[in-house]
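# Observations on chain architecture
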Amino acid sequence: PGYWIPLTLLSVWPGLLGVFTRDWWVYYGLLHSYDASYWDRGLPVAWSLSVELAFYAALPLLAWTLYRLGRDLDVRGRTRLQLIAFAGLAGASLLFRAVAHRQFKLVLMATFPAHLFEFMVGTSLAVVSARLEGRERGFAPVRWVEDHPGWCWSLAAVSYAAACLSGAFPRPLSGVPWTTAAFS
């Protein structure tokens, strides 16, 4: 409802393109970020909702698959299996991004496969957190983070600046004529 109500109201006034057409299901189903022909219609900023919806739809399948693969393993083996699987999916996501950027398929940069990397980092942290529960202080990296919060914030700021300013990171909208005009 938090998406559908504004989508409907903004389609009535001031009038979003495409929503009240035979393709209504694309916008109400949060599928518009997967096809370039829909990208500039409806609520384009809702691409992130589309990505999140895909992740939460895929999560039970991922959990079930890892459960089945690791059911005969001990806790340490299951943790290792999960982290290896998440690293593989994160690597596949980075590869997907690189190929999409290289082939100038910009619409793909706003899809679930392109953002699976971030979800796998978070999911890996959740697995490690659950594994360490009650024993966090005994894990050297956790101890270092707790003892040096200023360094962590500094590292985060430098990483953010590098991502924003470095030419090594893809700029999905750079070079697209309508974005150049809109943001100049």
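Everything below is about the structure shown above.
Here goes a summary of the coordinates provided.

To describe a pair of aromatic rings, you give the distance between the ring centres and the angle between the ring planes. A full pass over the atoms with the stated rule returns four aromatic pairs. For the pair Phe55 and Phe119, a centre-to-centre distance of 4.1 Å together with 10° between the ring planes defines the contact as stacked. Taken together, the positions of Phe55 in helix H3 (residues 47-70) and Phe119 in helix H5 (residues 112-132) put the pair 64 residues apart, joining distant regions of the chain. Ring geometry for Phe112 versus Phe119: centroids 6.5 Å apart, planes at 50°, classification tilted. Residue Phe112 shares its accessibility class with Phe119, and that shared class is buried. Linked through ring pairs, Phe55, Tyr56, Phe112 and Phe119 together constitute an aromatic cluster.

In this section: unusual backbone geometry. With an omega of 10°, the peptide bond running from Trp13 to Pro14 counts as cis. Of note, the phi angle at Leu30 is positive, near 55°, even though the residue is not glycine. Here Leu30 is to be found in the loop between helix H2 (24-28) and H3.

What follows deals with the nonpolar core. Counting residues in hydrophobic clusters, the biggest one holds eleven residues: Val51, Phe55, Leu62, Leu66, Phe86, Ala90, Phe112, Leu116, Phe119, Met120 and Val127. Listing elements by their share of this core, those giving two or more residues are H3, helix H4 (75-102) and H5. In terms of residue count, the dominant contributor to this core is H5 (five residues). Counting nine residues, the second-largest nonpolar core is a separate cluster that includes Tyr3, Leu7, Val19 and Tyr27.

Angle between the axes and distance between the axes: these two values describe a pair of packed helices. In contact at an axis separation of 10 Å, H3 and H5 are set at 60° when each is read in the N-to-C sense. In terms of orientation, H3 lies oblique with respect to H5. Both H3 and H5 take part in a crossing whose hand is right-handed. In contact with Trp47, Val51, Glu52, Ala54, Phe55, Ala58 and Leu62 of H3, H5 contributes Phe112, His115, Phe119, Met120 and Thr123. Across the contact of H3 with H5, the residue classes tally to nine nonpolar, two polar and one charged.

Definitions and limits used
Residues numbered from 1 in each chain as written. Predicted model: local features only at pLDDT ≥ 70, side-chain atom pairs only at ≥ 80, totals over all residues. Heavy atoms only, no water. Phe/Tyr/Trp six-rings, centres within 6.5 Å; stacked < 30°, edge-to-face > 60°. Helix = DSSP H or I, 4+ residues; strand = E, 2+ residues; numbered from the N terminus. Buried < 20%, exposed > 50% of the residue type's maximum accessible area, 1.4 Å probe, protein only. Core = buried A, V, L, I, M, F, W, Y, C linked by side-chain atoms within 4.5 Å. Axes fitted to C-alpha atoms, helices over the stretch in contact; angles between N-to-C directions. Parallel < 35°, antiparallel > 145°, perpendicular 65-115°, else oblique. Left-handed = near helix turned anticlockwise from the far one by under 90°. Contact = heavy atoms within 4.5 Å. Nonpolar A, V, L, I, M, F, W, Y, C, P; charged D, E, K, R; others polar.

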